[in-house]
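# Fold and geometry: a report
So you can see what is in the structure, the chains are spelled out below.
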Amino acid sequence: MSYAKTLTGQRPVVIAHRGASGYRPEHTLAAYELAIAQGADFIEPDLVMTADGVLIARHDNVLDFSTNVRDLPQFTEKKTTKVIDGANHTGWFSEDFTHAEIRQLRARERQTGSVPTPFRPANCQFDDRWPVPTLTDVIQLAQAGGVGIYPETKHPTHILKETGIDINEVLLDTLQLHGITNFDDLPVYIQSFEVQNLQRLRQEMRKRNMDLRLVQLLGDRGQPFDIAQAGGSTTYADMATRDGLAHIARYANGVGPEKYHFILPKDEAGRLNPGEATSFVRNAHAARLLVHPYTFRGENRSLPKNFQGKQPHNELQLGNLVGEIERFLQTGIDGFFTDHPDLGRQAQ
Ligand code: G3P
Ligand code: CA
């Protein structure tokens, strides 16, 4: 398939979002292995911290969203209520578990909603088969599989406050331990929705003589949590302006924007139309920033109306994700996050 000119002139990269999470419970080695087999260029571990400073691959520090923790009596007393980045949750949290305790858990398909429901019911057939991987497991898999990694540091401000451990330090230590100091050792992009931890990462990498790539994520609303905590007023919308992008380019190599809000908006009927891209990709490229939007999902419920399958009321049916990605590739994006790396590869 053709794509518009990217920043580097290289073909856009496929980033397996939480592994091949369309087909396996997210953030399991099985999900990452399948992504590699499907041709992904990068596998994405979201990272949270254990009490004893081990980075593990989970989307949230809330373990009950994606493990069997609630069924294990030895952990009943760890259930508690916390405010995470401004939101209340009662459950089990990674920072209250040692790594030895995390190893007793098994991964499950993500539970979502006020009445917890599996995000992808078909993936429940794999529930309780696999443990929760560490960052080390993911690095070793990527090194053996010949792909890069695209870690996201989750809740850095919260983790520092709860544990006194800086997620950035542990991340860089772990990468160095595996001989990874620059992009040629292993392609590594580190992403975050927060700002200060990316800026700190840049400084820390300079001190350590490391040269990995950093990506500023941009949410479709609100502002980075660390900026809000510090009483700042800068929003993601501010950061996506030409001036905002020029500022990001001082510490990051790329941006990870929400795809519809920033790049190709849907119309009022929920359709994607040709020729309606914003100036975001052009502006980001002018600032020498790569653009890797998130998240491309194949099911009807996640697709624009004109890319849904023949039974649009069947929200779990796969529609025309390849077509949707092809439409975005015409905007000049440099890569994309997808739950369905095989379909991403077809579009690429
Ligand atoms: O990291 C890009 C995208 O994954 C951000 O969203 O919530 O899936 O981590 P989330
Ligand atoms: Ca992520």
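Summary of the structure given here. (Residues numbered from 1 in each chain as written. Chains lettered and ligands numbered in written order. Predicted model: local features only at pLDDT ≥ 70, side-chain atom pairs only at ≥ 80, totals over all residues. Heavy atoms only, no water.)

Locating Gln191 in the fold gives a position in strand β11 (residues 189-192). A polar contact is formed between the side chain of Gln191 and the backbone oxygen of Tyr150, at a distance of 2.9 Å. (Helix = DSSP H or I, 4+ residues; strand = E, 2+ residues; numbered from the N terminus. Polar contact = N/O pair within 3.5 Å; in protein donor to acceptor, adjacent residues only side chain to side chain.)

Neighbouring ligand 1 are the residues His17, Arg18, Glu44, Asp46, His59, Glu152, Lys154, Gln191, Phe193, Leu217, Tyr294 and Phe337. A distance of 3.0 Å is found between an oxygen atom of ligand 1 and a side-chain nitrogen or oxygen belonging to Glu152. With the chains in place, 90% of the 280 Å² that ligand 1 exposes on its own is no longer accessible. For the shell around ligand 1, the per-class residue count stands at four nonpolar, three polar and five charged. (Near = heavy atom within 4 Å. Areas by Shrake-Rupley, 256 points an atom, 1.4 Å probe, with all protein chains shown as cover. Nonpolar A, V, L, I, M, F, W, Y, C, P; charged D, E, K, R; others polar.)

Next up on the list: the environment of Thr338. In this structure, Thr338 sits in strand β15 (residues 335-338). Spatially, the C-alpha atom of Thr338 lies 17 Å from that of Ser192, the residues being 146 residues apart in sequence. The residues contacting Thr338, other than those within four sequence positions of it, are Val14, Ile15, Ala16, His17, Gly19, Phe296, Leu321 and Gly344. Polar contacts involving the side chain of Thr338 include one to the main-chain carbonyl oxygen of Phe296, which spans 2.8 Å. (Contact = heavy atoms within 4.5 Å.)

Right, let's get into the coordination of the calcium ion (ligand 2). The expected angle between donors at a tetrahedral four-coordinate metal is 109.5 degrees. At an octahedral six-coordinate metal it is 90 or 180 degrees. The coordination sphere of the calcium ion (ligand 2), as far as protein atoms go, consists of Glu44 (OE), Asp46 (OD) and Glu152 (OE), spread over 2.1 to 2.4 Å. For the calcium ion (ligand 2), the six donor atoms are set out with angles of 55 to 162° between them, so the coordination reads as irregular. Take Glu44: its relative accessible area is 2%, and that puts it in the buried class. For Asp46, a relative accessible area of 1% corresponds to the buried category. (Donors = N, O, S within 2.8 Å, 3.2 Å for Na, K, Ca; no water. Tetrahedral: all angles 85-135°; square planar, octahedral: opposite > 155°, others 65-115°. Buried < 20%, exposed > 50% of the residue type's maximum accessible area, 1.4 Å probe, protein only.)

Mapped onto the elements of the fold, Glu268 is located in the loop between α10 (259-262) and α11 (280-286). On the accessibility criterion, Glu268 (88% relative accessible area) is exposed. Linking Glu268 and Val62, residues 206 residues apart in sequence, is a C-alpha distance of 35 Å.

Another aspect to go through is the sheet that holds strand β2 (residues 42-44). On the basis of which strands lie adjacent, the open sheet formed by four strands has the order β9-β2-β1-β15 and parallel pairing. With partners counted over all chains shown, the strands left at the sheet margins are β9 (148-149) and β15, one partner each. (Pairing = 2+ DSSP bridges.)

Okay, helix α3 (residues 135-145) next. For α3, every residue scored as buried is listed here: Leu135, Val138, Ile139, Leu141 and Ala142. Angularly, the buried residues of α3 cover 165° about the axis, an arc narrow enough to put them on a single face. The elements touched by buried residues of α3 are α1 (29-37), β2, β3 (46-49), β4 (55-57), β9 and α5 (167-177). At the C-terminal side of α3, Gly146 shows a positive phi close to 70°. (Arc of directions from axis to C-beta.)

With that settled, the discussion passes to the packing of aromatic side chains. The tally for this structure, following the rule as stated, stands at 13 aromatic pairs. A centroid spacing of 6.3 Å and a plane angle of 75° characterise the contact between Phe193 and Tyr236, whose relative ring orientation is edge-to-face. One end of the pair, Phe193, is in the loop between β11 and α6 (196-208); the other, Tyr236, is in helix α8 (residues 236-239), with 43 residues separating them in the sequence. We classify Phe193 as partly exposed; its relative accessible area is 26%. With relative accessibility at 6%, the residue Tyr236 sits in the buried group. On the basis of an interplanar angle of 45° and a centroid distance of 5.6 Å, the ring pair of Phe262 and Phe280 is categorised as tilted. In this pair, Phe262 is assigned in helix α10 and Phe280 in helix α11, connecting sequence segments 18 residues apart. No difference in accessibility class separates Phe262 from Phe280, as the two residues are buried. Members of the aromatic cluster, joined through ring pairs, are Phe42, Tyr150, Phe183, Tyr189 and Phe337. Seen from the ring of Phe97, Lys78 lies directly overhead, with NZ or CZ sitting 5.0 Å from the centre. Sitting over the ring of Phe119, Arg301 keeps its end group 4.1 Å from the ring centre. (Phe/Tyr/Trp six-rings, centres within 6.5 Å; stacked < 30°, edge-to-face > 60°. Lys NZ or Arg CZ within 6 Å of the ring centre and 35° of its normal.)

It is worth spelling out unusual backbone geometry at this point. Thr295 follows Tyr294 through a cis peptide bond whose omega is -20°. Following the sequence through the fold, Thr295 ends up in the loop between β14 (290-291) and α12 (321-329). One non-glycine residue, Arg18, lies in positive phi territory at about 60°. Note that Arg18 resides in the loop between β1 (13-17) and α1. Look at Arg18 and you get buried, because its relative accessible area is 10%.

With five of its five residues buried, β1 lies for the most part within the structure. Neither face of β1 is left uncovered, since the one carrying Val13, Ile15 and His17 and the one carrying Val14 and Ala16 both have all their residues buried. Note that β1 and β15 share four bridges and pair parallel. Counted as the bridge partner of Ala16 is Thr338 from β15. Both β1 and β2 contribute to a ladder of three bridges, which runs parallel. The residue bridging Ala16 from the neighbouring strand is Ile43, located in β2. What joins β1 to β2 is α1, and the crossover it makes is right-handed. (Right-handed = clockwise from strand over helix to strand, strands pointing away.)

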